[in-house]
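Here are the chains, one letter per residue:
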Amino acid sequence: MPSLSNPESRALPVHVGIIMDGNGRWAEKRRLIRSQGHLEGLKAAKRIVKAASDAGIRFLTLYVFSTENWKRTAEETGFIMGLVKQYLRGELDFYRENRIRIRHAGDLRGLPNDIAAELAAACEETAPFPGMQVVLALNYGGRDEIVRAVKKLVAENGETPITEQNIRSFLDNPDIPDPDLVIRSAGEYRTSNFLLWEGAYSEYYVSDVLWPDWTKEEFDRALAAYRGRCRKFGGAA
Ligand code: FPP
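These notes cover the structure that comes with them. Everything numeric here is computed off the predicted structure, so don't read it as measured data. (Residues numbered from 1 in each chain as written. Predicted model: local features only at pLDDT ≥ 70, side-chain atom pairs only at ≥ 80, totals over all residues. Heavy atoms only, no water.)

**A short note on the overall build of the chain**
Condition: Secondary structure counts use DSSP, requiring at least four H or I residues in a row for a helix and at least two E residues in a row for a strand, with both numbered from the N terminus. The atom set for the radius of gyration is the C-alpha atoms, and the globule formula is 2.2 Å times the number of residues raised to the power 0.38. Residue contacts are defined here by distance: any two heavy atoms, one from each residue, within 4.5 Å place the two residues in contact.
Secondary structure summary: the chain contains 8 helices and 6 strands in total. Ordering the α and β elements of the chain from the N terminus gives β-α-α-β-α-α-β-α-β-α-α-β-β-α. Its C-alpha atoms give the chain a radius of gyration of 18 Å, within 12% of the compact-globule value 18 Å for 237 residues. Dimensions along the principal axes, computed over C-alpha positions, put the chain at roughly 55 × 40 × 35 Å. Across the chain, contacts joining residues at least 24 apart in sequence account for 76% of those joining residues at least 6 apart.

Here it is in structure tokens:
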């Protein structure tokens, strides 16, 4: 679904995406192992989910694990998967209390069976909740999402023309509006395959702060920066 925000009323982004980068550097700076950085990154994710919900954000997409992150060592990928499981179990009460819905973007088939099952159960249980929707991008790649969408479109509707609207309808969460704001921590200026289709007209905000150091104040700074942007969606000002 195209962005719900219009250029005149852009006080608060409806959908925020976050590339949570810098866990490894946070750990290296402290001479700790990378896993320690991911552990602190998990705590930051909890803080920011709460901050976003308190701020009235409707949709929050967190880039937890990309299709390319499997290139890391088995030790690191295994540790991150363990954290995901821990998060899904440990945070469910918070999601229940705050009526926040959990959703998934990415290819469930490429995840370990136990994680896929845990994620599917959390999505199902929280599906009726009317509060903020948190999309966990897990085994997610923007190119992979587009390829899967086109394959489904061709397989299910052989006669249907290939149009933007038809491809969009087969993306992972077609009912969620495009992200108005994409935040990236740790100072890198790249998309890293995150929400390539949906982010075509997103405003980008890059912060030098490493992800484990993110607080509500840092998140509020990103929202304030967004308020100063003028969105034209390719039109003239
Ligand atoms: C990028 O930092 C971070 C990741 C690939 C993992 C993100 C995972 C978490 C924040 C924990 C799990 C969160 C949830 C919500 C379940 P990096 O390791 O690439 O950092 P670097 O570039 O400094 O090495």
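After presenting the structure, the write-up continues.
**Digging into empty space enclosed by the protein**
Gaps left between atoms are located by rolling a probe of water-molecule size over the structure's atoms. Defined as follows: Here a cavity means grid points, on a 1 Å grid over the protein atoms only, where a 1.4 Å probe fits yet cannot get out; a pocket means an open set of points with protein on both sides within 12 Å along at least five of seven lines; lining residues are those with an atom within 4 Å of a point. Grid points are joined across faces, edges and corners, and a volume is the space filled by probe spheres set on the points.
Throughout the structure, instances matching the rule amount to 1 cavity of 30 Å³ or more. Volume-wise, the largest cavity comes out at about 130 Å³. As for the largest cavity, its lining consists of 17 residues, of which His15, Asn173, Ile176, Leu195 and Glu198 are closest to the centre.

**Describing unusual backbone geometry**
Convention followed: Three exposure classes are used, based on accessible area relative to the maximum for each residue type with a 1.4 Å probe and protein chains only: buried under 20%, partly exposed in between, and exposed over 50%.
If you check the backbone angles, arginine 31 has positive phi at about 55 degrees while not being a glycine. Structurally, the position occupied by arginine 31 is in the loop between helix 1 (23–29) and helix 2 (34–55). For asparagine 193, which is not a glycine, the phi torsion comes out positive at approximately 70 degrees. Accessibility expressed as a relative area gives 12% for asparagine 193, which makes it buried.

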